Amino acid sequence: MSTQDNTEPSHRMPSWREVFLYFLFLGFVNIGGPVAQITMMFNHMVEKRQWLSKDRFVKIMAFCHMLPGPEALQLAIYVGYLKRKLWGGILAGLTFILPGAVVMIVLSWLYVNYGKLPQVTNALYILKPAVLGIIAAGIIKLGRAAIRNFFLAILLVGAFVGMRFAGINFLLILLIAGLLNLLIEEGWPLLKKTAPTLPAAIGGIGLLVPFSDSRLFQVAWLFFKTGILSFGGAYASLVFVQRGAVVQYHWLSDGQLLDGVALSVATPGPFMLFTTFVGYLVSGIAGAVLATFFVFFPSFVFVLVGVNYIEKIRENRKIQAFLAGVSAAVVGVIAVVSLDLIPEALVDWPSLAMALAAFVLIAFLKCDVALVAIGAMLGGIIYSSIRGSV
């Protein structure tokens, strides 16, 4: 057997065929959101196939958690790169995304053409509250990971209050939170040297935007911005899409966005595939393809470029302090967006009970997210059948 690298001589180098077939298989079965997907990959890559040691897996996950975008996809790209270099990383990422993206486009077409049918609305009546419960459990998990001290807790609360009650733009909130935590951890003299470059780096992205009224351009820009700035993982992307597609452009309603999120939870692939649904509703197949490409493209760049700098990034205290502040604020802004989705999901007492059940099962009983999602899907189908026969 070949060695993976100089640090892990005991872990084998799979063939191109094995890498392709594994990530293609994963693309069809990785249902249930990022936590379920990462757990599944740990079981396969570390315990069964022995591609990685547990320590190496954890270090890779720490790197992926620092990046904006979907952690599970980034993990797949990273492992593909380790095993088969650049084309292995690209292949792993594409096979992780494409099956779910194709399924989502088909579901989006069905939704547009048959979404008003009683069978569909009855199924979503069960699924949407469960998804809200899954998101609430995700917020709790993110909060536990992000809040490592009292000041970070203050940033979380401040982000929630600033966005919910003061109407401050969430990107500005994230920037301020990162700079404030950098100030607290590293001190004012260092901040004076560093701070001007951080807003410039983020604000400079705006210089890439030409003035255009094209709907397809607006789709591409919104989802590129989502992919490149959604710190906090897949759930953070909800903030960008809800604020852009619903509040700014009025392309769809909060209820339709939640329908897309529900379908993404019930579909294999990254959680952020709800962006494919939104793109389809805005501009058909062209919009779906553009949304999918631009929301995931940054993850490929971040991982394939950053893989050689992982240790430097992880040991840089300034970057870590800034990202810690951003991560804390992200939890607060996700909570704000989740509140906006509540009226569309919790329409009566039974739907409230279903949301609470999903939340308790995941947050306290530690049930697998995939099992909860599958259970909600089956419940929706059964409920739809019962209502249809009455």
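Every value quoted in this text rests on a predicted model; they were computed, and no experiment measured them. (Residues numbered from 1 in each chain as written. Predicted model: local features only at pLDDT ≥ 70, side-chain atom pairs only at ≥ 80, totals over all residues. Heavy atoms only, no water.)

1. Digging into the packing of helix α4 (residues 71-114) against helix α12 (residues 254-265)
Short version of the rule: Under this scheme, a helix contributes an axis fitted over its contacting stretch, all axes are lines through C-alpha atoms, and angles between N-to-C directions fall in the 0 to 180 degree range. Elements are defined by DSSP. Helices are runs of H or I of four residues or more, strands are runs of E of two residues or more, and each kind is numbered from the N terminus. If an angle is under 35 degrees, it is roughly parallel; if it is over 145, roughly antiparallel; if it lies from 65 to 115, roughly perpendicular; otherwise it is oblique. Crossing handedness: left-handed means the near helix sits turned counterclockwise from the far one by under a right angle, and right-handed means the same turn made clockwise. By the convention used here, residues are in contact when the closest approach between their heavy atoms is within 4.5 Å. Residue polarity is assigned by list, with Asp, Glu, Lys and Arg as charged and Ala, Val, Leu, Ile, Met, Phe, Trp, Tyr, Cys and Pro as nonpolar; anything else, Gly included, falls into the polar class.
One can describe the packing of α4 onto α12 by two numbers: an axis separation of 11 Å at closest approach and a directional angle of 140 degrees. Here α4 lies oblique to α12, going by the angle between them. The element α4 and its partner α12 pack so that their crossing is right-handed. Each of M104, L107 and Y111 in α4 lies in contact with α12, whose residues at this interface are Q256, D259, G260, L263 and S264. When its residues are assigned to classes, the contact of α4 with α12 shows four nonpolar, three polar and one charged.

2. Overview of helix α1 (residues 16-29)
Condition: Any helix carries an expected span of 1.5 Å times its number of residues minus one. Only protein chains enter the accessibility calculation, which uses a 1.4 Å probe; a residue is then buried when its area is under 20% of its type maximum, exposed when over 50%, and partly exposed in between. Note that the arc is computed from the directions linking the helix axis to the C-beta atoms.
Given a rise of 1.5 Å per residue, 14 residues ought to cover 20 Å, and the 20 Å separating the end C-alpha atoms of α1 matches this to within 8%. Residues of α1 that are buried: V19, Y22, F23, L26 and G27. Buried residues of α1 fall within an arc of 140 degrees about the axis and therefore sit on the same side. Opposite the packed face of α1, turned more than 90 degrees from it, sit the exposed residues R17 and F28.

3. Let's talk about the side chain of K128
Applicable threshold: In the analysis that follows, any N or O atom pair within 3.5 Å is treated as a polar contact, provided that within protein one partner can donate a hydrogen and the other can accept it, and provided that, for residues neighboring in sequence, both atoms belong to side chains.
Mapped onto the secondary structure, K128 falls in helix α5 (residues 118-146). A distance of 3.1 Å separates a polar atom in the side chain of K128 from a polar atom in the side chain of D259. Discounting residues that sit within four places of it in the chain, K128 has contacts with G255, L258, D259, A262, E344 and A345.

4. Things to note about unusual backbone geometry
Its identity as a non-glycine residue notwithstanding, K85 has a phi of 55 degrees, on the positive side. Turning to its location among the elements, K85 is positioned in helix α4. Judged by relative accessible area, which is 53%, K85 ranks as exposed. A positive phi is found at K366, a non-glycine position, where the angle reads about 60 degrees. Along the chain, the position of K366 falls in the loop between α16 (349-363) and α17 (369-389). For K366, a relative accessible area of 56% gives the class exposed.

5. Looking at the side chain of S108
Among the secondary structure elements, S108 is positioned in helix α4. Relative accessible area serves as the criterion here: at 0%, S108 is assigned to the buried category. Within polar-contact distance, the side chain of S108 engages the backbone oxygen of M104 at 2.7 Å.

6. Comments concerning the pattern of salt bridges
Side-chain pairs of opposite charge can arise where the charged atoms are in close proximity. For the record, the criterion: For this document, the term salt bridge refers to a Lys or Arg side-chain nitrogen within 4 Å of an Asp or Glu carboxyl oxygen.
All told, the structure shown has three salt bridges when counted by the stated rule. Between D340 and R243 there is a salt bridge; the shortest N-O distance is 3.1 Å. One end of the pair, D340, is in helix α15 (residues 317-345); the other, R243, is in helix α11 (residues 237-248), with 97 residues separating them in the sequence.

7. Overview of the nonpolar core
This is how the line gets drawn: Side-chain atoms within 4.5 Å link the members of a nonpolar core, which is a set of buried Ala, Val, Leu, Ile, Met, Phe, Trp, Tyr and Cys residues.
By size, the foremost hydrophobic cluster in this structure holds 116 residues, and its most contacted members are F23, M41 and V278. For this core, the element with the highest residue contribution is α4, accounting for 15 residues. Sequence-distant contacts of F23, defined by excluding residues within four places in its chain, comprise M45, W51, A76, V79, G80, A92, T95 and F96.

8. Here we look at a nonpolar patch on the surface
We apply this condition: By definition, no residue in a patch forms a salt bridge, and every one has over 30% relative accessible area; like charges are joined within 9 Å, nonpolar side chains (Val, Leu, Ile, Met, Phe, Trp, Tyr) within 5 Å. Each accessible area is a Shrake-Rupley estimate made with a 1.4 Å probe; only the visible protein chains count as cover when residues are assessed.
Taken together, V102, V106, W109, L110, Y114 and L117 make up a surface patch of nonpolar side chains, about 540 Å² in accessible area. Within the secondary structure layout, V106 lies in helix α4.

9. Let's talk about the environment of V333
Summarising the element assignment, V333 is placed in helix α15. Using a relative accessible area of 2% as the deciding quantity, one classes V333 as buried. Sequence separation of V333 and F170 is 163 residues, and the distance between their C-alpha atoms is 6.8 Å. The contact partners of V333, leaving out residues within four places of it in the chain, are A159, M163, F170, I173, L174 and V239.

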